[in-house]
Each structure stands twice: as C-alpha cells, then as structure tokens.
Amino acid sequence: MSRVPVNVHDYERLAEETLDANAHAYFAGGAGDEVTMRENRAAFERRKLRPRVLVDVRAVTTRTTVLGTELALPILIAPVALQRMAHPEGEVATARAAAAAGTIMCLSTAATTRPAELAEAAPGGLRWFQVYVFDNRALTEELIAEAVDNGFSALVLTADTPYLGRRERDLRIDFKVPEHLTMSGDLFGEGFDAALSWRDLEWLAGFGLPVVVKGILTAEDAQLACEHGSAAIVVSNHGGRQLDGVPATLDALEEVVEAVDGRAEVLLDGGIRRGTDVLKALALGAHATLIGRAMLWGLAARGEEGVADVLRLLRDEMELALALLGCSSPADVTRAHAT
Ligand SMILES: Cc1cc2nc3c(=O)[nH]c(=O)nc-3n(C[C@H](O)[C@H](O)[C@H](O)COP(=O)(O)O)c2cc1C
C-alpha cells in the first residue's frame, strides 16, 4: 500500500500496523458476533444516493450549525475512551485537530485527559462532555462540574450502557489498560448506575447545559427523550459495542427522526468512513454525524496530524459529493437525495 493515506480505510490499515494487539482489540472490536458493527457499514453500502444534475454548484459549503453553534462540517468527534492508548498525546491531539477543523470534540468520561487539561490544551476549541453515570454519583458530579467550569457546552448522556457489552476480542486477548494510563472515570473499575432512568435527565439538566441523549434506536425512546427535554439525540449503537443484534444506526434513523418531529436535533454515529456516508445520513434526516473509529485510526497512525487529515479527507469528500449530488450545502440535502 502507498504510505500516503488517501482515505479513512488507509488510516485503518496504518493504525492496525501501529497499535499493539491489546490496544487494537479494544479499539476495533464490537460486542458478540459483531453483527451490528458490520451492519453499520453494510447499511451505508445498501443505501444509494439520488443525484440531481444541471444544478449550479459553483459555491458549495459543508458548513452547518449544531445546537446553535456554527461548524465547518456536519461531522463531530464522538466520545472515545482511552485515547492515550492510541497515541501518547491522546485526547489533547484530537481536541487540537477538531478545533483546527472547526468542529466539536466530545470528551469521554473514560478519557485519559481531564476536562480542565483538555480545555487548557485547546482553548479555542468547541467541546462537549460525555457522561457515564457511575454508582458513585459524587465522582460523576465532580467530573461534570469540572467540564461546566471549563467551557464545555453540552452534556452527552450515554444511555445504552448500564453494563459494558461483551466484547470477545477483549476477552480473547485478556485486554488490560496499560499501567501508565489513568481514566477520569474508570470504565472497568467503577460500576455504572444500572438504575438510571429518564427522571435522571432532570438532574443532568440542573447543571445548566443542553442535554444530548446518545444511544437511541427506537421511536419510543426518541419520544421520551423529547418529553424529558433533550436538546439533541444521537442515534447510536455505540459502534456495535453494546447490544449485538440491534439494527444499523442508518436503518434506525428514519423512525427516530419521525418521532422527534423537529423537537430536537437528531445526530447519528456508527460506521461513518466516507463523505458520502454523511450525505446518506443527512438525506435520511440526520442533522449531523459523529465519528469514533475514523478519528481513532488517524490518531493512532499520525497523532494530531492524523486526526486533522481524517477530518480534512472527510470534509473534502463531502464537499465534492455535495456538488455531484446537486446540493450547495448540507441544508440542501433532502429525503429525495437517497433511496
Ligand atoms: C474504542 C471505542 C471507545 C468508545 N468509548 C466510548 C465512551 O467512552 N463513551 C461513549 O459514549 N461512547 C464510546 N464509544 C462509542 C462512540 O462514541 C461511537 O458511538 C462509535 O464509535 C461510533 O461508531 P464508529 O466507531 O463506527 O464511528 C466508543 C467507541 C469505540 C470504538
């Protein structure tokens, strides 16, 4: 393979060569038979774009807004744990690349960089904080307070993880967090609050930031998220790492969009590897998307420059694809642009 990566798949191969087997198993794996993880990709391959031609596309932009904030592209950085296991600079590298690209980075509760440290490292960056609620509510509240004090602008509650999914690649390799790394909230050591319920959204809203619920796959839960005041919803199956056998996020998207009916912004993650994937998600009603592994592969291969390049490649792919689709901006993409 050429050493100059020209797309996210190239970065995936470079990352596999760079990472040790322990880290690669954790980052690449899904739950159970990984059916859902594969489905996320397969769903993008099944859907087809419906281009309109002879449209004036001299001025194409990928710019959009998410929760009132202007972004250079409808691709955010999903919360991903343990980024210093991918690269020594970890979340700091990711935050700087996201800031340079003009998008939001969502910092994981299980990050290897504290919220305050991230804010200091990328002061101009846009950042959201992802919340796992531990049995130890005081620890959870301490982390949220640190995020609020350091300019994070939304709280993203991950709703699909009362327990960690069963990830068999981790079991086979006897996955271990490298000894020199510390997570803000220890994913493996602290227990999650498995009694968490919709009522807890009020507790979360009490911190004064918009609440985003991540991990919704049904109309019923989308409806409840809206009733409980979510500003946005992320249609997500955690990259196929939680309940194996659930649908691809792209296939769950339309029922969620319909149930939300404009009351909240609907975002999607899972399987995004191409600019055209983003366009398919937009056509089926997503307002924007998030990338997990695509970012990780850039980070593992090349650190900050790798994440920046992945964002640049996806932005460029998307810009060209918008023009070829006959659209001048993300807002121009409609349901008629995909089958
Ligand atoms: C290695 C890894 C770690 C993750 N850690 C978290 C996390 O700490 N919190 C969270 O809400 N989601 C986490 N996710 C899920 C991502 O936020 C996102 O939903 C998923 O990666 C999207 O799928 P993709 O990897 O195909 O882009 C993680 C995903 C991966 C691959």
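It should be noted that the structure appears before, not after, this text.
Keep in mind it's a predicted model, so treat the numbers as computed, not measured.

Reading guide: rules and limits
Residues numbered from 1 in each chain as written. Predicted model: local features only at pLDDT ≥ 70, side-chain atom pairs only at ≥ 80, totals over all residues. Heavy atoms only, no water. Helix = DSSP H or I, 4+ residues; strand = E, 2+ residues; numbered from the N terminus. Salt bridge = Lys/Arg side-chain N within 4 Å of Asp/Glu carboxyl O. Buried < 20%, exposed > 50% of the residue type's maximum accessible area, 1.4 Å probe, protein only. Near = heavy atom within 4 Å. Polar contact = N/O pair within 3.5 Å; in protein donor to acceptor, adjacent residues only side chain to side chain. Areas by Shrake-Rupley, 256 points an atom, 1.4 Å probe, with all protein chains shown as cover. Nonpolar A, V, L, I, M, F, W, Y, C, P; charged D, E, K, R; others polar.

Draft legend 1. Seen up close, unusual backbone geometry. Of note in this structure, E34 is not a glycine but carries a positive phi near 60 degrees. By the element assignment, E34 lies in the loop between α2 (21–28) and α3 (35–46).

Draft legend 2. Molecular detail of the pattern of salt bridges. One pass over the full model with this rule turns up 22 salt bridges. D10 is the partner of R13 in a salt bridge, and the nearest nitrogen-oxygen pair spans 2.6 Å. On the criterion of helical spacing, the pair formed by R13 and D10 is a turn pair, its members being three residues apart in helix α1 (residues 8–18). Owing to a relative accessible area of 42%, R13 belongs among the partly exposed residues under this scheme. Close ionic contact of R312 with E305 constitutes a salt bridge, the shortest N to O distance being 2.9 Å. We classify R312 as partly exposed; its relative accessible area is 40%. Residue E305 is classed as partly exposed on the basis of its relative accessible area, which comes to 45%.

Draft legend 3. How the structure looks around the site of the ligand. Around the ligand sit 23 residues in total, of which P79, S108, T158, D269 and G271 are the nearest. At a separation of 3.0 Å, a nitrogen atom of the ligand approaches a polar side-chain atom of K214. The separation between an oxygen atom of the ligand and a polar main-chain atom of G292 is 2.9 Å. Summarising the interface, the protein chains cover 99% of the accessible area of the ligand, which totals 590 Å² for the free molecule. Of all the elements in the fold, those that place two or more residues in the shell around the ligand are α2 and α12 (293–325). By residue class, the composition of the shell around the ligand is nine nonpolar, nine polar and five charged.

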